[in-house]
Amino acid sequence: MDTAVIIVAAGRGSRMGGDVPKQWQMLAGKPVLAHTLAAFGGIPVVLVIHPDDRERAAGLGVPLVEGGATRDASVLAGLRVLEGTGVKRVLIHDGARPLVSKALIDRLVVALEAHEGAAPALAVSDALWRGEAGLVAGTVDRSGLYRAQTPQAFRLEAILAAHKAHPGGALDDVEVARAAGLDVAIVEGEESNLKLTWPGDFARAEAVLKGRDMDVRLGNGYDVHAFCEGDHVWLCGVQVPHGRGLLGHSDADVGMHALTDAIYGALAEGDIGRHFPPSDPRWKGAASHIFLSHAIGLAAARGYRLANCDVTLVCERPKIGPHAAEMQRELARIMGVDETRVSVKATTSERLGFTGREEGIAALATATLVRA
Ligand code: MG
């Protein structure tokens, strides 16, 4: 591996507030630095810490080095660890930027092929003012101005020599590099690569993480059962009086079967037959809520919840309208979701086909699962 990353996390960050420095505060359930480290997955890391944080950092499982009194000194401490290891390129990154993307890291590494340094930045798009005592005192031309981000990428030997020669007090490593005459390319940065500085930044970062992890799955299901002798049918968990029954291995609840298959479909988990083989006598005459509960449980186990579902029953009779609200309630109860997420409706097939001839009932269902 000829690329490594130095993550600078030795600062005490007074603007954020809180009992611990911002890079150790919790973001979406884990310390900010754990997110930052994960963003560089696969690239060897040197983590530069404050001596007081040694105990906290031990659990992160990466090589640690104690930083100095200034940012420059901390970076130089990290660079010295890499000296003579065969590493050729180094990315230098602020620990408080946990949302850097793999795509941005790749762009920097590519830019290093043609330049001694490369760093991400965003062109300033807002108007810029100079203010004095709460009043606008003038405007500043924004053309050619950029907002600098990290990671900043360099050829190791060049940036190490630049840091050794620098008198100190630089704002970032690009300033150190330029002082040594290195050329630094501007690479397109990312709005989401925010630096946690103010308390409100944590909420913004959590929103970005949530959006990244969101996964939406859609499934559909279709089922048919034939009429037989009987005096009621089970539809979407409701017993509906009717001059005929429905033939099936289980209770033949065609609507609930279609919905169950839609959920299995969204999970790419086959259908009811895979999980409850009709050849197994245990499921003879079974109440279909067993199947639906299993499917929704499988979804929950994988972190998905039902965003909505829609079931359409196709039959001339019995009339579904008077029972639809109760069916929605029953499906919602079984799945543990709000009734407003469950739709049950019906249509006839204008007396056409097997449903039109009242030989059986068909059902279609769609289910949306969301993991966030
Ligand atoms: Mg069925």
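Details of the structure are given in the entry above.
Residues numbered from 1 in each chain as written. Predicted model: local features only at pLDDT ≥ 70, side-chain atom pairs only at ≥ 80, totals over all residues. Heavy atoms only, no water.

A.B. asks: I tried to follow the overall build of the chain on my own but got confused; where do I start?
C.D. replies: If you tally the helices and strands in the chain, you get 12 helices and 19 strands. Taking 21 Å as the expected radius of gyration for a compact globule of 372 residues, we find that the chain reaches 31 Å, considerably beyond that expectation. Burial statistics for the chain: of 372 residues in total, 47% are counted as buried. Counting only carbon and sulfur atoms, one obtains 53% of the accessible surface of the chain, whose full area is about 18,200 Å². In the chain, 39 side chains carry a positive charge and 45 a negative one; their mean positions are 1 Å apart. (Helix = DSSP H or I, 4+ residues; strand = E, 2+ residues; numbered from the N terminus. Rg over C-alpha atoms; globule rule 2.2 N^0.38 Å. Buried < 20%, exposed > 50% of the residue type's maximum accessible area, 1.4 Å probe, protein only. Areas by Shrake-Rupley, 256 points an atom, 1.4 Å probe, with all protein chains shown as cover. Lys, Arg positive; Asp, Glu negative; His and termini not counted. Charge placed at Lys NZ, Arg CZ, Asp CG, Glu CD.)

A.B. asks: Looking at this structure, how should I read unusual backbone geometry?
C.D. replies: Among all residues save glycine, negative phi is the norm, and among peptide bonds the norm is trans. Following Thr150, the chain continues into Pro151 via a peptide bond in cis, with omega recorded as 10 degrees. By secondary structure assignment, the location of Pro151 is in the loop between strand E10 (146-148) and strand E11 (152-155). Phi is positive for Ala28, which is not a glycine, with a value near 50 degrees. Within the secondary structure, Ala28 is located in the loop between strand E2 (26-27) and strand E3 (30-31). Assessed through its relative accessible area of 45%, Ala28 is described here as partly exposed. A positive phi angle, near 55 degrees, is found at Ala133, a position not held by glycine. Mapping Ala133 onto the fold places it in the loop between strand E8 (128-132) and strand E9 (135-140).

A.B. asks: Looking at this structure, I do not really get the nonpolar core. What am I missing?
C.D. replies: Note on soluble globular proteins: their nonpolar side chains tend to be buried together. Ranked by internal contacts, the top residues of the largest apolar core, which has 47 residues, are Leu259, Ile263, Leu313, Leu331 and Met335. Listing elements by their share of this core, those giving two or more residues are strand E14 (232-235), strand E15 (238-241), helix H8 (254-266), helix H10 (289-301), strand E17 (305-314), helix H11 (321-335), strand E18 (342-347) and strand E19 (360-371). Looking at this core, the element that brings in the most residues is H8, giving 8 residues. Contacts of Met335, omitting those with residues within four sequence positions, involve Leu259, Ile263, Leu292, Ile296, Leu306, Cys309 and Val342. Listed in part, the 25 residues of the second largest apolar core include Leu79, Ile92, Ile159 and Leu160. (Core = buried A, V, L, I, M, F, W, Y, C linked by side-chain atoms within 4.5 Å. Contact = heavy atoms within 4.5 Å.)

A.B. asks: Would you mind going over the packing of H10 against H11 with me for this structure?
C.D. replies: To characterise two packed helices, one gives the angle between the axes of the helices and the distance between these axes. Direction vectors running N to C along H10 and H11 enclose 50 degrees, while the axes themselves pass 9 Å from each other. Classified by the angle their axes make, H10 and H11 are oblique. Note on element contacts: H11 touches H10 through Leu331, Ile334 and Met335, opposite His289, Leu292, Ser293 and Ile296. When its residues are assigned to classes, the contact of H10 with H11 shows 5 nonpolar, 2 polar and no charged. (Axes fitted to C-alpha atoms, helices over the stretch in contact; angles between N-to-C directions. Parallel < 35°, antiparallel > 145°, perpendicular 65-115°, else oblique. Nonpolar A, V, L, I, M, F, W, Y, C, P; charged D, E, K, R; others polar.)

A.B. asks: Is there a simple way to explain the pairing of E14 in this structure?
C.D. replies: Looking along a regular strand, one sees the side chains alternate between the two faces of the sheet. Side chains of E14 alternate between two faces, with Val233 and Leu235 buried and His232 and Trp234 left unburied. Note that E14 and E15 share 4 bridges and pair antiparallel. The residue bridging Val233 from the neighbouring strand is Val240, located in E15. In this structure, the hairpin formed by E14 and E15 is closed by a connection of 2 residues, where Cys236 is found at a positive phi of approximately 50 degrees. (Pairing = 2+ DSSP bridges.)

A.B. asks: Explain the pairing of strand E1 (residues 3-9) here, please?
C.D. replies: Of all 7 residues in E1, 7 are buried, a share of seventy percent or more. What you see with E1 is no split at all: Thr3, Val5, Ile7 and Ala9 on one side and Ala4, Ile6 and Val8 on the other are buried throughout. Pairing of E1 with strand E4 (residues 45-49) involves 5 bridges; the strand directions are parallel. Note that in E4 the partner of Ile7 across the bridge is Leu47.

A.B. asks: What should I look at first to understand the side chain of Thr368 in this one?
C.D. replies: With respect to the element layout, Thr368 can be found in strand E19. Here the side chain of Thr368 touches Asn308 through a polar contact of 2.8 Å, side chain to side chain. With residues near it in sequence (within four places) discarded, Thr368 still touches Val216, Arg217, Leu218, Arg305, Leu306, Ala307 and Asn308. (Polar contact = N/O pair within 3.5 Å; in protein donor to acceptor, adjacent residues only side chain to side chain.)

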